[in-house]
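Here are the chains, one letter per residue:
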Amino acid sequence: MPEGNEIHRWAARHNAAFAGRKVNVLPGPNHRFRDAHLVDGKKMVQVHAVGKHLGYEFANGLYLHIHLGRFGDFTEGLGPLVEPKGTLRAVMQRAGSGKVSRSVKGNAHALTGPYNGPPSKDDGTQPFPAEDVDWWELRGPTDCSIYDSDKWQALLNRLGPDPLAHEPGGHDEPSRAIDAILAKKTSIAELLMDQEMISGIGNIYRAELLFRHRVNPFTPGDAMDTKTLKAIWKDAAVLMKAGMVDRRIVCTKKSDRPSKQEPALRGEEHYVYRRHGKPCFVCGETILRKDVAGRTLYWCPKDQHTTKEQTASALKPGVSLRSQRVK
Ligand SMILES: [Zn+2]
């Protein structure tokens, strides 16, 4: 599932390509996106990224809201649109950049592969010239619909602050998130994933942030302290910004990696995420995992000071998450 870094990256790319221009917005062949005509042919003012949500703001006051969810992804391309494949939900194309016709084949080619797909030539380290994208296609989102400004504002009000929006001149700052967390009895592991507390953090960043700050993931929110929460927020902003540029989530420090290599080698990007059963890079203890509120939590029992009971509650090696969930 894309986390905030990926969402902000799409926003930056699509701002470069489409902001301030008239665009065509088309539904896929199955016409599940019935309201595309409300913004089709209109000027797209700006793309906003908040947590895991994208909002394409149009000059007529409407927003195209996209939430990629677990399976959604964009394909970007140059030239005329290509023949649609699979369950296409929506297309955005610069107005006047080619025929608005999907039957055109030609020099069009996709610039980016699917999320978790084969690596594209674009490694995300170069600035992105606007003229390099003529269109995007969207497949598999949880939501692709038109919001009016009230509905968009209601979404913003519901979401917690976003560490990636915490930049000079940005409007998000952590005090609202910190106050909300300190008022809850829920575990910090669950609160970090709660988009109403902090927006944009997913399963990888929550596990890695808790390890980096040596926090017991089962600590209730109201037993956390402001200093640690502030440090986690600051660290999240740095890690997610790096993930946005790299398109790769790397959370280990060079000095902690077994190879001491920079950039991180494969398998050395994370301290705990998906490293269950393997030795901790820092203390050598076996990394544990457990299903918490439907998502897998990973942690080091020694560095993160879990109690005997918490450590014993981890999944035994070889036991599937599914069988644990049934119990
Ligand atoms: Zn450890």
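Along each chain, residues carry numbers from 1 onward, in the same order as the chain's sequence is written. In view of the model being predicted, local features appear only for residues whose pLDDT reaches at least 70, and side-chain atom pairs are presented and counted only at 80 or more, with totals across whole chains, interfaces and linings using the full set of residues. Only hydrogens and water are removed before side-chain values are computed, so all heavy atoms of the structure are retained for them.

## Describing the overall build of the protein
- Secondary structure elements follow DSSP: runs of H or I no shorter than four residues count as helices, runs of E no shorter than two count as strands, and numbering proceeds from the N terminus. In terms of regular secondary structure, the protein is built from 8 helices and 11 strands.
- Out of the 327 residues in the protein, the part that is buried amounts to 49%.
- Note on contacts: a residue pair is in contact if any heavy atoms of the two residues lie within 4.5 Å. Intrachain contacts of the protein at a sequence separation of at least 6 include 65% that bridge at least 24 residues.
- A total of about 15,800 Å² of accessible surface is found on the protein, and carbon and sulfur atoms cover 52% of it. Relative accessibility under 20% of the residue-type maximum defines a buried residue, over 50% an exposed one, and the middle range a partly exposed one, all with a 1.4 Å probe and only protein chains included. Only the protein chains shown count as cover for residues, and the accessible areas themselves come from Shrake-Rupley with a 1.4 Å probe.

## Remarks on the UniProt feature "domain: FPG-type" (unreviewed entry) in the protein
- UniProt positions are given in the numbering used here, feature names are shortened, and annotations may be inferred rather than shown by experiment. Mapped onto the present numbering, the UniProt feature "domain: FPG-type" (unreviewed entry) falls at residues 271-305.
- Here residues 271-305 is 0% helix and 29% strand, with 15 Å between the C-alpha atoms at its ends.

## Notes on the coordination of the zinc ion
- Around the zinc ion, the protein contributes the donor atoms C280 (SG), C283 (SG), C300 (SG) and D303 (OD), which lie 1.9 to 2.3 Å from the metal centre.
- Nitrogen, oxygen and sulfur within 2.8 Å of a metal are treated as its donors, or within 3.2 Å for sodium, potassium and calcium (Na, K, Ca); water is not counted, so a site can appear incomplete. Just to be clear on the cut-offs, tetrahedral is four donors with all angles between 85 and 135 degrees, square planar is four donors and octahedral six with opposite donors over 155 degrees apart and all others between 65 and 115, and anything else goes down as irregular. Between the 4 donor atoms coordinating the zinc ion, the angles at the centre fall across 99 to 121 degrees, so the site counts as tetrahedral.
- Read N to C, the donor residues that coordinate the zinc ion are spaced as C-x2-C-x16-C-x2-D.

## Let's talk about helix α3 (residues 175-182)
- Listed in full, the buried residues belonging to α3 are A177, I178 and I181. Down the axis of α3, the sector holding all buried residues measures 95 degrees, keeping them to one side.
- Turning to α3, the residues buried within the fold contact α4 (188-193) and α6 (226-246). The directions considered for the arc are those from the helix axis to the C-beta atoms.

## Concerning the nonpolar core
- Residues I188, Y205 and V272 are the most contacted members of the largest nonpolar core, which totals 42 residues.
- Taken together, the elements giving at least two residues each to this core come down to α3, α4, α5 (203-212), α6, β10 (288-292) and β11 (295-299).
- In terms of residue count, α6 provides more of this core than any other element does, 7 residues in total.
- Those residues in contact with Y205, other than ones at most four positions away along the chain, are E3, N5, L239, M240, G243, I249 and C251. Remark: nonpolar core denotes a set of buried residues (Ala, Val, Leu, Ile, Met, Phe, Trp, Tyr, Cys) joined through side-chain atoms within 4.5 Å.

## Details of the packing of α5 against α6
- Here the axes come from fitting lines to C-alpha atoms, over the contacting stretch only for helices, and the angles between their N-to-C directions go from 0 to 180 degrees. One can describe the packing of α5 onto α6 by two numbers: an axis separation of 10 Å at closest approach and a directional angle of 130 degrees. What the angle tells us is that α5 and α6 run oblique. As for the relative orientation of α5 and α6, their crossing is right-handed in sense. From α5, Y205, L209, L210 and R212 reach across to α6, where they touch I232, D235, A236, L239, M240 and G243.
- Side-chain classes follow a simple rule in which Ala, Val, Leu, Ile, Met, Phe, Trp, Tyr, Cys and Pro form the nonpolar group, Asp, Glu, Lys and Arg form the charged group, and the remainder, Gly included, forms the polar group. Of the residues belonging to the contact of α5 with α6, the class tally is 7 nonpolar, 1 polar and 2 charged. Should an angle fall under 35 degrees it is taken as roughly parallel, and over 145 as roughly antiparallel, whereas 65 to 115 is taken as roughly perpendicular and any remaining angle as oblique. Should the near helix be turned anticlockwise from the far one by less than a right angle, the crossing is termed left-handed; should it be turned clockwise, right-handed.

## Quick look at the pattern of salt bridges
- Here, a salt bridge means any side-chain nitrogen of Lys or Arg that lies within 4 Å of a carboxyl oxygen of Asp or Glu. Tallying each qualifying case throughout the model produces 7 salt bridges.
- Two residues, D303 and R214, come together in a salt bridge whose shortest N-O distance is 3.8 Å. On the criterion of sequence distance, the pair formed by D303 in the loop between β11 and α7 (308-312) and R214 in the loop between α5 and α6 is long-range, its members being 89 residues apart.
- Residue class for D303 comes out buried when judged on its relative accessible area of 12%.
- Given a relative accessible area of 30%, R214 falls into the partly exposed group.

## Observations concerning the packing of α3 against α6
- Put simply, α3 and α6 touch, their axes get as near as 10 Å, and they point 135 degrees apart. Here α6 runs oblique to α3, going by the angle between their axes. In this structure, α3 crosses over α6, and the sense of that crossing is right-handed. From α3, I178, I181 and L182 reach across to α6, where they touch T226, L229 and K230.
- Class assignment for the residues of the contact of α3 with α6 results in 4 nonpolar, 1 polar and 1 charged.

## Brief notes about the pairing of strand β6 (residues 88-94)
- With respect to burial, β6 is a largely interior element, 7 of its 7 residues being buried.
- When strand β1 (residues 21-27) meets β6, the two strands line up antiparallel, connected through 5 bridges. The partner of V25 across the bridge, within β6, is M92.
- One bridge is not enough; two strands pair if DSSP finds at least two bridges between them. Relative to strand β8 (residues 135-139), β6 runs antiparallel, the two being bridged by 5 bridges. Bridged to A90 within β8 is L138.

## Remarks on the packing of aromatic side chains
- Pairing of aromatic rings covers Phe, Tyr and Trp, the last through its six-membered ring, and needs centres within 6.5 Å; plane angles under 30 degrees mean stacked, over 60 mean edge-to-face, and all others mean tilted. The final tally for this structure, using the stated rule, is 7 aromatic pairs.
- When the centroid spacing of 4.6 Å and the interplanar angle of 25 degrees are considered together, the rings of F211 and Y271 count as stacked. In this pair, F211 sits in helix α5 while Y271 sits in the loop between α6 and β10, placing the two residues 60 residues apart along the sequence. The exposure classification of F211 matches that of Y271, with both residues buried.

## Describing unusual backbone geometry
- Geometrically, the link from E262 to P263 is a cis peptide bond, its omega value of 0 degrees lying close to zero.
- Relative to the helices and strands, P263 is located in the loop between α6 and β10.
- The residue H305 is not glycine, and still its phi comes out positive at about 55 degrees.
- Structurally, the position occupied by H305 is in the loop between β11 and α7.

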